[in-house]
Amino acid sequence: QKEVEQNSGPLSVPEGAIASLNCTYSDRVSQSFFWYRQYSGKSPELIMSIYSNGDKEDGRFTAQLNKASQYVSLLIRDSQPSDSATYLCAVNKGIKAGTALIFGKGTTLSVSS
Amino acid sequence: NAGVTQTPKFQVLKTGQSMTLQCAQDMNHNSMYWYRQDPGMGLRLIYYSASEGTTDKGEVPNGYNVSRLNKREFSLRLESAAPSQTSVYFCASSEAYGNYGYTFGSGTRLTVV
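Basis of the calculations
Residues numbered from 1 in each chain as written. Chains lettered and ligands numbered in written order. Predicted model: local features only at pLDDT ≥ 70, side-chain atom pairs only at ≥ 80, totals over all residues. Heavy atoms only, no water. Helix = DSSP H or I, 4+ residues; strand = E, 2+ residues; numbered from the N terminus. Contact = heavy atoms within 4.5 Å. Phe/Tyr/Trp six-rings, centres within 6.5 Å; stacked < 30°, edge-to-face > 60°. Buried < 20%, exposed > 50% of the residue type's maximum accessible area, 1.4 Å probe, protein only. Lys NZ or Arg CZ within 6 Å of the ring centre and 35° of its normal. Core = buried A, V, L, I, M, F, W, Y, C linked by side-chain atoms within 4.5 Å. Disulfide = S-S within 2.5 Å. Buried area = accessible area lost by both parts, 1.4 Å probe. Salt bridge = Lys/Arg side-chain N within 4 Å of Asp/Glu carboxyl O. Polar contact = N/O pair within 3.5 Å; in protein donor to acceptor, adjacent residues only side chain to side chain. Pairing = 2+ DSSP bridges. Axes fitted to C-alpha atoms, helices over the stretch in contact; angles between N-to-C directions.

Draft legend 1. Spatial organisation of unusual backbone geometry. A cis geometry characterises the amide bond from A:G9 onward to A:P10, with omega recorded as 10 degrees. Within the fold, A:P10 resides in the loop between β1 (4–5) and β2 (11–14). Following B:T7, the chain continues into B:P8 via a peptide bond in cis, with omega recorded as -5 degrees. When you line up the elements, B:P8 lands in the loop between β1 (4–7) and β2 (10–13). In this model, A:Q70 sits at a positive phi of 55 degrees, which is unusual for a non-glycine residue. Along the polypeptide, A:Q70 turns up in the loop between β7 (61–66) and β8 (71–76).

Draft legend 2. A look at the environment of B:A24. Note on placement: B:A24 falls in strand β3 (residues 19–25). When neighbours within four sequence positions are excluded, B:A24 is seen to be in contact with B:G3, B:V4, B:T5, B:R72 and B:E73.

Draft legend 3. Focus on the packing of aromatic side chains. Under the criterion given, the structure shown has 13 aromatic pairs over all chains. Taking the centre distance of 5.5 Å and the plane angle of 55 degrees together, the rings of A:Y36 and A:F103 count as tilted. In this pair, A:Y36 sits in strand β4 (residues 32–38) while A:F103 sits in strand β10 (residues 102–103), placing the two residues 67 residues apart along the sequence. Just as A:Y36 is buried, A:F103 falls in that class too. For the pair B:Y35 and B:F104, a centre-to-centre distance of 6.0 Å together with 50 degrees between the ring planes defines the contact as tilted. Of this pair, B:Y35 sits in strand β4 (residues 31–38) while B:F104 sits in strand β10 (residues 103–104), placing them 69 residues apart in sequence. Members of the aromatic cluster, each reached through a chain of ring pairs, are A:Y36, A:F103, B:Y33, B:Y35, B:Y48, B:F90, B:Y97, B:Y102 and B:F104. Sitting above the plane of the A:F61 ring, A:R60 keeps its charged end 5.6 Å from the centroid.

Draft legend 4. Broad picture of the nonpolar core. One finds A:W35, A:V72, A:L74, A:I76 and A:Y87 to be the most contacted residues of the largest nonpolar core, which totals 24 residues. The set of elements that each furnish at least two residues to this core consists of β3 (19–25), β4, β5 (45–50), β7, β8, β9 (85–92) and β11 (107–112) of chain A. If you look at the next biggest cluster of nonpolar residues, it comprises 20 residues, including B:M19, B:L21, B:C23 and B:V60.

Draft legend 5. Up close: the state of the cysteines. Residue and element names in this part refer to chain A. Overall, the coordinates contain 2 disulfides over all chains when judged by the stated rule. With its sulfur 2.1 Å from that of its partner, C23 forms a disulfide with C89. One disulfide, between C23 and C89, carries an S-S torsion of -75 degrees and so falls in the left-handed class. Note that C23 is positioned in strand β3 and C89 in strand β9, a separation of 66 residues in sequence. Accessibility classification places C23 together with C89 in one group, the buried group.

Draft legend 6. Quick peek at the interface of chain A and chain B. Opposite the 21 residues of chain A that make contact, chain B presents 20 residues. Across the chain A to chain B interface the summed buried area is about 1,600 Å²; carbon plus sulfur atoms make up 55%. The largest share of the area that chain A buries against chain B comes from A:A100, A:F103 and A:K105, three residues that together contribute 26% of it. Inspection of the region where chain A meets chain B yields 0 salt bridges. Put simply, chain A and chain B have 10 residue pairs in polar contact (both at pLDDT 80 or more) between them. Taken together, the elements giving at least two residues each to the side of chain A that touches chain B come down to β4 and β9 of chain A. It is β4(A) that provides the largest number of residues to the side of chain A that touches chain B, a total of 4 residues.

Draft legend 7. Inspection of the sheet that holds β8(A) at higher detail. Residue and element names in this part refer to chain A. Here we have 5 strands laid out as an open sheet, ordered β1-β3-β8-β7-β6, and antiparallel in their pairing. Sheet topology places β1 and β6 (54–58) at the edges, where each strand pairs with a single neighbour. Both β3 and β8 contribute to a ladder of 6 bridges, which runs antiparallel. Looking at the pairing, L21 lines up with L74 of β8.

Draft legend 8. How the structure looks around the sheet that holds β3(B). Residue and element names in this part refer to chain B. Read from one edge to the other, the open sheet built from 4 strands follows the order β1-β3-β8-β7, with strand pairing classed as antiparallel. Edge positions in the sheet fall to β1 and β7 (64–68), since each of these pairs with one other strand and no more. Pairs of neighbouring strands in the sheet enclose a mean axial angle of 15 degrees, with direction left out of account.

This is how it looks when you write it as structure tokens:
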């Protein structure tokens, strides 16, 4: 089982719809969770971080974390064509784990106008 | 603000040649990282430096060496390049080691022929 798993997509949604991106992780000691957006040919850009169970909202983005189910998701409301990108889920197990951020392979989102 | 600066942006090497990828950050971050990104493989950690004066291996360290020159700079060296090292290389930094988000540089696209 991969440490961080995401559906590769593509996930296609019409403009104005809600896009839902999902991620599961295998290690229960994981402590912090991040969503990055990566446009084609560009570097990853941090868009959301979440550390505790529940929802965290920032503008059109909402991150959701369920540690019991080892599941983290990203909702994008009112999706725009400019949201078309690959979204990377990343997990950190903390200092004691002796490692850095572990990334999923990403989900490609396509928003059609 | 420059953030994380990587040089060069593009490089073509012949098999067996050596080169150093440079990375510098101006955010006074303590921790720095090198990742490679390959199609279908996602971002994989090569080496990281939790703090100035320390370096540790990541998931795919073979064929690479690193130097944390000072707090700002973290270089990655390929001693004898191989075609399997053809990839996009990203440097990243974070405020500290542990549960912090990373800021990525713009990447180096390396081709080994």
